[in-house]
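These are the residues of each chain, in order.
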Amino acid sequence: MILPTDRALVMGVVNVTPDSFSDGGAFLDPAAAIAHGRALRAAGADILDIGGEATNPRARPVEATEELRRILPVIAALAADGAVVSVDTTKAAVARAAVAAGATIVNDVSGGLFDPAMAAALDALDATYIAGHLRGRTLAEVFAHEGGPPHWTEVADELVARLATLSPAVRARTWIDPGLGFGKGGDPAGNLALIRHTRELGARVGAPVVVGPSRKRFVSRAAGTTDPRLVDVASVTACLAAIRCGAQVVRVHDVAALRAAMSIDAAI
């Protein structure tokens, strides 16, 4: 996917899961997930990120067959609408099937660490790859060793190492994600520092940057509230800050609020 030069892209979240941290179960039914995806697109989402496995500390792993059962009807329907669809998965088998169903972006929060077959799968797929940053080989491992967030230069250098495992053709269509909250704790300072250094991170790795602060623990703690409405306001503010700091794509739950905020920000 070619990124525009005049504005950041908005990626809307569609969780087809029973246990996602913010809306688990709300869109587990395929019809509900499809309707939600269409509503996000109508609100201004450029990309719809469809996930069938939650990635929070309390979520349970699911097999690829169950993940595919949840997401394939949703991907097929939204892609048939003409939407740009991303599949949020760490599994090569799921990535292959999702792209066959119409997804054109593979969003892997593990950057290939959870499934060694991902790099080879990407060679056979004509899809944009989003390589996320975390440390560990499973989500349980990532969160069990959670500590203070690494310095942005460490994140950049580890992403450089991940991208070095990809073929030149795949690297050319890879975006990166600093992985806010993934093994970096809920401490606001370290996660906000990663946002602050988005532009430098992208330059050091040599790839476009996707930032996803929406409804993360550190956003709630930085804002001093657990009120869902106020957490969404804080999430939109964090996305705007990320855009100003160089993010080319922002991942968000409340697409309408972010697009309204972006319109005002661009007009000032």
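Above this note sits the structure.
Every value quoted in this text rests on a predicted model; they were computed, and no experiment measured them.

Parameters and conventions
- Residues numbered from 1 in each chain as written.
- Predicted model: local features only at pLDDT ≥ 70, side-chain atom pairs only at ≥ 80, totals over all residues.
- Heavy atoms only, no water.
- Buried < 20%, exposed > 50% of the residue type's maximum accessible area, 1.4 Å probe, protein only.
- Helix = DSSP H or I, 4+ residues; strand = E, 2+ residues; numbered from the N terminus.
- Pairing = 2+ DSSP bridges.
- Right-handed = clockwise from strand over helix to strand, strands pointing away.
- Salt bridge = Lys/Arg side-chain N within 4 Å of Asp/Glu carboxyl O.
- Disulfide = S-S within 2.5 Å.
- Expected span 1.5 Å × (residues − 1).
- Arc of directions from axis to C-beta.
- Contact = heavy atoms within 4.5 Å.
- Polar contact = N/O pair within 3.5 Å; in protein donor to acceptor, adjacent residues only side chain to side chain.
- Core = buried A, V, L, I, M, F, W, Y, C linked by side-chain atoms within 4.5 Å.

**Some thoughts on the pairing of strand E2 (residues 47-51)**
- Burial runs high along E2: 5 of the 5 residues are buried.
- Of the two faces of E2, both are covered, the one formed by Ile47, Asp49 and Gly51 as well as the one formed by Leu48 and Ile50.
- The pairing of strand E1 (residues 9-15) with E2 spans 5 bridges and is parallel. The residue of E2 that forms the bridge with Met11 is Ile47.
- Where E2 and strand E3 (residues 85-88) come together, 4 bridges link them in parallel fashion. Within the sheet, the bridge partner assigned to Ile50 lies in E3 and is Val87.
- With helix H2 (residues 64-80) bridging E2 and its parallel neighbour E3, the resulting β-α-β unit is right-handed.

**Overview of the pattern of salt bridges**
- Scanning all chains against the criterion turns up 14 salt bridges.
- The residue Asp88 makes a salt bridge to Arg251 at a minimum N-O spacing of 3.3 Å. On the criterion of sequence distance, the pair formed by Asp88 in strand E3 and Arg251 in strand E8 (residues 249-252) is long-range, its members being 163 residues apart. There is no split in this pair, since Asp88 and Arg251 are both buried.
- In this structure, the salt-bridge partner of Asp232 is Arg215, at a minimum N-O distance of 2.8 Å. Remark: Arg215 occurs in the loop between strand E7 (210-211) and helix H10 (217-223) and Asp232 occurs in helix H11 (residues 228-244); sequence separation between them is 17 residues.
- Relative accessible area serves as the criterion here: at 12%, Asp232 is assigned to the buried category.
- Arg215 gets classed as partly exposed once you look at its relative accessible area, which sits at 23%.
- Through salt bridges that share partners, Arg135, Glu154, Glu158 and Arg162 make up one connected network.

**A short note on the state of the cysteines**
- The full count for this structure, using the stated rule, is 0 disulfides.
- Free of any disulfide, Cys239 has its nearest cysteine sulfur in Cys245, 12 Å distant.

**So, helix H1 (residues 30-43)**
- End to end, H1 covers 20 Å across 14 residues, agreeing with the expected 20 Å (1.5 Å per residue, within 8%).
- For H1, the complete set of buried residues consists of Ala33, Ile34, His36, Gly37 and Leu40. An end-on view of H1 places all buried positions within 160° of arc, on one side of the element. Opposite the packed face of H1, turned more than 90 degrees from it, sit the exposed residues Ala31 and Ala42.
- Where the residues of H1 are buried, they touch E1, E2, H2 and helix H12 (255-267).
- At the N-terminal end of H1, a side-chain oxygen is found 3.1 Å from the backbone nitrogen of Ala31, two or three residues along, and the residue is Asp29.

**Description of the side chain of His253**
- Within the element layout of this structure, His253 appears in the loop between E8 and H12.
- For His253, the side chain forms a polar contact with the side chain of Ser214, separated by 2.7 Å.

**With respect to helix H6 (residues 152-163)**
- Between the first and last C-alpha of H6 there are 16 Å, a value that for 12 residues agrees with the 16 Å anticipated at 1.5 Å per step.
- Along H6, the positions that sit buried rather than exposed are Trp152, Val155, Ala156, Leu159, Arg162 and Leu163. All buried residues of H6 project into a common sector of 120° when viewed along the axis, lining one side.

**Overview of the nonpolar core**
- By size, the foremost hydrophobic cluster in this structure holds 61 residues, and its most contacted members are Ile50, Ile75, Leu78, Val87, Val106, Ile176 and Leu258.
- When neighbours within four sequence positions are excluded, Ile50 is seen to be in contact with Val14, Val16, Ile71, Val74, Ile75, Leu78, Val85, Ser86, Val87 and Asp88.

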